[in-house]
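In case you want the letters, here they are:
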Amino acid sequence: AQTLFIAARAIEMTCFGHAKLDDPRLEKQLHTWRGVLAHVSFEHRGFVLRLIMSIAAIRCTLVLLALLKDARQTPWLAVLFAWNPLILLETAGMGYVQIVALLLLLAMARMLQRHKLPLAVLALCLACGVQPMAILLAPLLIRQIMTLRDWTIARRSMAVAALTLLAVYLPILAIQHGAAGWIGQLRTNAHFQDFNSPLFTFLRSHAHWRTAALFLPALAAAGSLLWLLRQNAPIEDSGYWLMLCPLLVAPIIPPWRLIATLGFVPVMKHRGGWTALTWSATASLAYITWHTPSTA
């Protein structure tokens with residue numbers, strides 16, 4: 001994720017140069033980036049980043065079409081993702097980076113479909129560099145590798161996983177006290193953010209219960225994983241449920257958290273996905289609320 005941000009910034013600086021205010025006299029009056037955005041040119045309002053995320057969304061659709069073709073399913077199922085307004089708003093509109101994690105997860109499913117397990121492992125490990133929760137799919141991938149009983153493929157996959165995870169996480173944790181910053185941010189989120197889920201709204205006045213409920217997403221993820229392993233669920237269905245179930249009890253549920261879940265809906269082996277599709281439709285209420293001036 002950090003690499004993508006740095007690359008987008010470098011491209012923007014190379015192509016368009018430094019951002020300049022349309023009125024230099026405003027420089028001393030503007031103290032937040034939100035205030036600055038209204039007074040710079042269009043290409044300096046995250047245009048490059050949003051373009052990269054839009055390309056990633058298109059690539060997701062192409063991978064979905066390839067998965068559906070090899071599975072002998074109608075390609076029209078891909079419109080459940082490609083025509084979803086939430087995807088358009090969060091990629092071309094917001095430039096949210098989770099679409100890249102979804103692209104890598106779909107690439108993992110595609111590599112499994114083509115029996116290229118080391119490449120599937122590589123895609124999953126890279127996805128963890130954008131969305132750490134993707135690591136929940138690792139046990140299912142390990143199970144699939146073990147069923148082959150091919151130790152050459154197993155050793156190669158382990159080497160790919162170790163090297164990729166080191167390359168992804170070591171720099172960001174080691175440079176500029178990244179590990180301390182990560183832990184500190186988790187503590188900040190746990191104690192000071194305004195939780196918006198119905199469960200945490202109910203528990204707002206019960207401090208002890210509210211702290212205990214912070215562990216519910218982890219319990220939901222663990223329970224879902226055990227159930228999927230026991231059911232021997234396909235990787236496509238597993239991706240959907242593992243991305244969805246923790247959100248059902250999560251303390252903070254911004255609309256973009258649904259991106260990864262929506263990407264698996266078209267390729268699920270056991271047809272479903274109505275929860276994610278309905279939930280994404282209600283996200284319009286969140287956007288309206290965010291853009292409504294407060295009356296307090």
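Residues numbered from 1 in each chain as written. Predicted model: local features only at pLDDT ≥ 70, side-chain atom pairs only at ≥ 80, totals over all residues. Heavy atoms only, no water.

### So, the packing of helix α5 (residues 85-93) against helix α16 (residues 274-290)
Helix packing geometry: the angle between the two helix axes and the distance between the axes.
Next, step 1: Viewed as axis vectors pointing N to C, α5 and α16 meet at an angle of 50 degrees, and their least axial separation amounts to 8 Å. Looking at the two axes, α5 sits oblique to α16. Facing α5, whose interface residues are L86, L89 and E90, α16 presents S280, A283 and Y287.
Next, step 2: Looking at the contact of α5 with α16 residue by residue, the classes come out as four nonpolar, one polar and one charged. (Axes fitted to C-alpha atoms, helices over the stretch in contact; angles between N-to-C directions. Helix = DSSP H or I, 4+ residues; strand = E, 2+ residues; numbered from the N terminus. Parallel < 35°, antiparallel > 145°, perpendicular 65-115°, else oblique. Contact = heavy atoms within 4.5 Å. Nonpolar A, V, L, I, M, F, W, Y, C, P; charged D, E, K, R; others polar.)

### Brief notes about helix α3 (residues 47-70)
Next, step 1: Relative to the 34 Å expected for 24 residues at 1.5 Å per residue, α3 spans 35 Å between its end C-alpha atoms, a close match to the ideal helical length.
Next, step 2: Of the positions making up α3, those classed as buried are V48, R50, M53, S54, A56, A57, C60, T61, V63, L64, L67 and L68.
Next, step 3: In this structure, the buried side of α3 is in contact with α1 (2-16), α4 (79-82), α5, α6 (98-113) and α15 (259-264).
Next, step 4: Taken from the residues just after α3, R72 is the one with a positive phi, measuring 60 degrees. (Expected span 1.5 Å × (residues − 1). Buried < 20%, exposed > 50% of the residue type's maximum accessible area, 1.4 Å probe, protein only.)

### Observations regarding unusual backbone geometry
Next, step 1: The phi dihedral of R72 is positive, around 60 degrees, even though this residue is not glycine.
Next, step 2: Locating R72 in the fold gives a position in the loop between α3 and α4.
Next, step 3: What makes R72 exposed here is its relative accessible area of 77%.

### Examining the side chain of E12
Next, step 1: Summarising the element assignment, E12 is placed in helix α1.
Next, step 2: Under the relative-accessibility criterion, E12 is labelled buried at 10%.

### Points about the environment of S284
Next, step 1: Among the secondary structure elements, S284 is positioned in helix α16.
Next, step 2: Note on S284: relative accessible area 37%, which makes it partly exposed.
Next, step 3: Taking the C-alpha atoms as reference points, S284 and P255, 29 residues apart in sequence, are found 8.8 Å from one another.

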